[in-house]
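Remarks on the overall topology
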Amino acid sequence: MKIPTDPKIVDALRVSSRIRGKGKLGGFAYRVDGTVPCIATAIHAGGRVREELISLMAMDTAQRYYEEDPATDTMIEKAVSAVWGLDSRSEYDLNRPPEAAVPVKAEQFWGNVVYNNPPDDEMVQKSLAKHREFYDFMGSWVKVMTNRFDALVVYDIHSYNIGRQVKKGIESPPVFNLGTGSIDRGRWEKVVEQWLRLLENIGIPEVKTTVAENVVFQGKGELCRRLTRWDPAILVLSTEVSKVYMDETTGQLDWTAIGALRDGLGRAMQDHTRWFMEALMRSRNTPVRRS
């Protein structure tokens, strides 16, 4: 399938190995190192909503915050390359296809009514333009990086509310849940198992680290689905962190725990990328291809 791109981003990545900035419409920020075949994403980290939409919303700031992934942008700070969302998923959700990205119906947002008065078509299109720009950016990264490397890894970092999963009957939701429902698990078995092992080694003060696969979420979001369709050589590791780093009811953050997650995930991503690149080189016994 055709991969959307932004020619300016493509050119910037080809000219310079390192770029940083924000989307022109302000929906996301990025810093990219083109010398390594990986990127970390925190697409639900943002909490901003356009002013024209606030007056239409039924959900207040605290209710929106509960459904967002606070501090996941901090958790990927030590990744070599990263892109993170700045807008709230209550405005548009980057992990859903465009036709379902703007939550005008309660069933699109876990049964929560987001809008008392739905946004008009012009407002919806403004939100979808940001959604489209994000995927143009990701497509640009993919286009350039697949010409340099045989395969790519996306560390897709999210967080989830523990209480909601307990109510569903999951007695002890894991600290880390890896969703592999949208990837070729057989093809990527060794790479996936290595990531799971690295997650097990992440320490968080006063928290017992537990890791599971497809227990809470199955990794079937739009980011994973779309990138996997673009190129089967792209592996998206959809990794959910339980909100052990905050009081999900009050919104109070535990910055000690967040710091531990930032450091632990940073080491895990760096070690995994190094292992992945070495595995690529061993598989064909030649240097990593670059343009």
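A brief look at the structure comes next. The residue count restarts for each chain, going from 1 along the sequence in the order it is written. Where totals are concerned, whole chains, interfaces and linings use all residues; where local detail is concerned, this predicted model gives features only for residues with pLDDT of at least 70, and gives and counts side-chain atom pairs only at 80 or more. Hydrogens are left out, water is left out, and the side-chain values use all remaining heavy atoms of the structure.

Brief notes about helix α9 (residues 222-230)
Here α9 has its buried residues at Glu222, Leu223, Cys224, Arg226, Leu227 and Trp230. Summarising the contacts, the buried residues of α9 are in contact with β3 (38-42), α5 (98-101), α6 (121-146), β5 (152-160) and β8 (234-242). Working definition: with a 1.4 Å probe on protein chains only, accessible area under 20% of the residue-type maximum means buried, over 50% means exposed, and in between means partly exposed. Under the scheme used here, helices are H or I runs from DSSP no shorter than 4 residues and strands are E runs no shorter than 2 residues, and both carry numbers assigned from the N terminus. Every residue pair with non-hydrogen atoms within 4.5 Å of one another is taken to be in contact.

Concerning the environment of Glu240
In this structure, Glu240 sits in strand β8. Residues Glu240 and Asp69, 171 residues apart in the sequence, show an inter-C-alpha distance of 9.7 Å.

Points about unusual backbone geometry
Positive phi values are uncommon outside glycine, yet Ala71 reaches one of about 70°. Tracing the backbone through its elements, the reader meets Ala71 in the loop between α3 (61-67) and α4 (72-75). Phi is positive for Asn214, which is not a glycine, with a value near 60°.

Let's talk about the packing of aromatic side chains
Geometry of aromatic contacts follows a simple scheme: Phe, Tyr and Trp rings, the Trp one being its six-membered ring, pair when their centres are within 6.5 Å, and the pair is stacked under 30 degrees between planes, edge-to-face over 60, tilted otherwise. Tallying each qualifying case throughout the model produces ten aromatic pairs. Plain terms: the ring middles of Tyr135 and Trp230 are 6.5 Å apart, the flat faces sit at 85° to each other, and that makes the pair edge-to-face. Of this pair, Tyr135 sits in helix α6 while Trp230 sits in helix α9; the two residues are 95 residues apart in sequence, bridging distant segments of the chain. On the accessibility criterion, Trp230 (6% relative accessible area) is buried. Here a set of aromatic residues connected by ring pairs shows up, and it is made of Phe28, Tyr30, Phe134, Tyr135, Phe137 and Trp230.

Details of the nonpolar core
Counting 78 residues, the largest nonpolar core has Trp141, Trp195 and Tyr245 as its most contacted members. A total of ten residues in this core trace back to one element, the largest contributor, which is α6. Apart from residues lying up to four places away in sequence, Tyr245 is in contact with Asp69, Pro70, Ala71, Thr72, Met75, Ser159, Leu253, Asp254, Ala257, Ile258 and Leu261. Joining through side-chain atoms within 4.5 Å is the link that ties buried Ala, Val, Leu, Ile, Met, Phe, Trp, Tyr and Cys residues into a set, and such a set is a nonpolar core. Core analysis: the next-biggest nonpolar cluster, separate from the first, contains nine residues, Met57, Met59, Phe109 and Met123 among them.

Describing the sheet that holds strand β1 (residues 18-22)
Strand order across the open sheet formed by eight strands is β1-β2-β4-β3-β5-β8-β6-β7, with mixed pairing between neighbours. Of all the strands in the sheet, just β1 and β7 (211-213) have a single pairing partner and so form its edges. Between one strand and the next, the sheet's axes are offset by a mean angle of 15°, whatever the strand orientation. Direction of pairing for β1 relative to strand β2 (residues 28-33): antiparallel, over a ladder of five bridges. Its bridge partner lying in β2, Lys22 is registered against Ala29. Helix axes are fitted only over the stretch in contact, all axes being lines through C-alpha atoms; the angle between N-to-C directions runs from 0 to 180 degrees. Here α6 sits on the sheet in contact with β2, β3, β4 (82-85), β5 and β8, set at roughly 5° to β2. Along the sheet, α9 makes contact with β3, β5 and β8, crossing β8 at roughly 170°. A pair of strands counts as paired when DSSP detects no fewer than two bridges linking them.

With respect to the environment of Pro174
Its location among the elements puts Pro174 in the loop between α7 (162-167) and β6 (176-179). The spacing of Pro174 and Lys130 is 44 residues in sequence and 32 Å in space, taken between C-alpha atoms.

Here's the deal with the state of the cysteines
Any cysteine sulfur atom paired with another within 2.5 Å is treated as part of a disulfide. According to the stated counting rule, one finds zero disulfides in the structure shown. Considering cysteine sulfurs only, Cys224 is the nearest to Cys38, which forms no disulfide, with 16 Å between them. We classify Cys38 as buried; its relative accessible area is 4%.

Details of the packing of helix α1 (residues 7-15) against α6
If you want to describe how two helices pack, look at the angle between their axes and the distance between the axes. The contact between α1 and α6 brings their axes to 9 Å, and the two run at 40°. In terms of orientation, α1 lies oblique with respect to α6. α1 and α6 meet at a crossing whose hand is right-handed. Residues Ile9, Val10, Leu13 and Arg14 of α1 pack against Phe137, Ser140, Trp141, Lys143 and Val144 of α6. Here the contact of α1 with α6 is composed, by residue class, of six nonpolar, one polar and two charged. Under this scheme an angle from 65 to 115 degrees is roughly perpendicular, one under 35 degrees roughly parallel, and one over 145 degrees roughly antiparallel; angles in between are oblique. Each crossing gets its handedness from the near helix: less than a right angle anticlockwise from the far helix is left-handed, clockwise is right-handed. Here the nonpolar group is Ala, Val, Leu, Ile, Met, Phe, Trp, Tyr, Cys and Pro; Asp, Glu, Lys and Arg are the charged ones; every other residue, Gly included, is treated as polar.

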